[in-house]
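# Close look at the chain arrangement
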Amino acid sequence: MENQPVTPVVPESPAVETPPPPPAHESAVITVQRSTINTIATALIFLFIGVIIGMVFYDRVVNNEAQIRRIAALTLEQSRSELQAMITSAVGSGGGSGGTPQLGDDPSARYTLSPEGPAFGSENAPVTIIAFEDFQCGYCKRFTDETLPQIIAAYPDQIRFIHRDFPILGQASLDATHAGQCANAQGHFWDFHDRFYGNQGALSEESFIAYATEVDMDVPTFTACYEGLEYQSSILSQLSEGQTLGISGTPTFFVNGRVVIGAQPFAVFAAVIEQELAAAAS
């Protein structure tokens, strides 16, 4: 039997496709899948939306802040208007005519006043002097410079002196009243009281802040108090009290409830004080 030529068996290729190898002259590249591209695009869209929302929110916050400031300014202006109306009423209520009884007509009359307000002297002193003052008032200055020191020297342990605000001479008076109240909150009312009367032509915020600095106050707290009219209600209350009593000018004093009107000389105050001391001793 003749030998037949043997035909070699070539195995079939497997049923898979493999990518051809890259050409030798091309460099390797990174293949980015479509899902990755979609993710990046979505992220950019959300970033853009977030920026738009942030801009809208910021604009709204800024507008709200501006509106709050406008409301605050309006509130303070309304407070000033309310106080000014009270002052006008207080000035206009005095000086009645005809048979209307006036404060001081009866020297023996006694009036009841609250003991509140900046004060010096013992709370147990037998004589209390309550003074309604305006820091622009020239007669108030005269009393403070001349008569009050004599009273303190003559009756160092028998007198309690209480200040009341009655700012009826204009905006500077009102400004000083606010500054005095804020100084009192930090225990420096009498420092300001003396400075006010020491320079009545400098009743301005700049001067008040300088005074606060001089006496080592917390200046930011003082400034916020002053600009925010924190003691508006207290000032209104004192003006209302003065109106009820019938006060029409400053200074007006009540010595144990007995009225002394004007910057009277020391002898006038001494006479009333001696009567009160004698009554307390009997």
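These remarks concern the structure in this document. All values derive from a computational prediction rather than experimental measurement.

The rules behind the values
Residues numbered from 1 in each chain as written. Predicted model: local features only at pLDDT ≥ 70, side-chain atom pairs only at ≥ 80, totals over all residues. Heavy atoms only, no water. Buried < 20%, exposed > 50% of the residue type's maximum accessible area, 1.4 Å probe, protein only. Helix = DSSP H or I, 4+ residues; strand = E, 2+ residues; numbered from the N terminus. Pairing = 2+ DSSP bridges. Contact = heavy atoms within 4.5 Å.

Another aspect to go through is the pairing of strand β4 (residues 252–255). Burial along β4 is two-sided: the residues T252 and F254 and F253 and V255 are all buried. For strand β2 (residues 127–133) and β4, the ladder comprises four bridges, and the chain directions are antiparallel. Bridged to F132 within β4 is T252. Between β4 and strand β5 (residues 258–261), which follow one another and run antiparallel, lie two residues, and N256 among them has a positive phi close to 50°.

Before going further, it helps to examine the side chain of T144. Relative to the elements of secondary structure, T144 occurs in helix α2 (residues 138–154). Owing to a relative accessible area of 12%, T144 belongs among the buried residues under this scheme. Not counting chain neighbours up to four residues away, the residues in contact with T144 comprise E133, P149, H193 and Y197.

This part is about unusual backbone geometry. Put simply, T250 and P251 share a cis peptide bond, and its omega is -5°. You will see that D216, though not glycine, has its phi angle at about 60°, which is positive. In this structure, D216 sits in the loop between α5 (205–214) and α6 (219–227). Even without a glycine there, the phi angle at N256 is positive, about 50°. With respect to the element layout, N256 can be found in the loop between β4 and β5.

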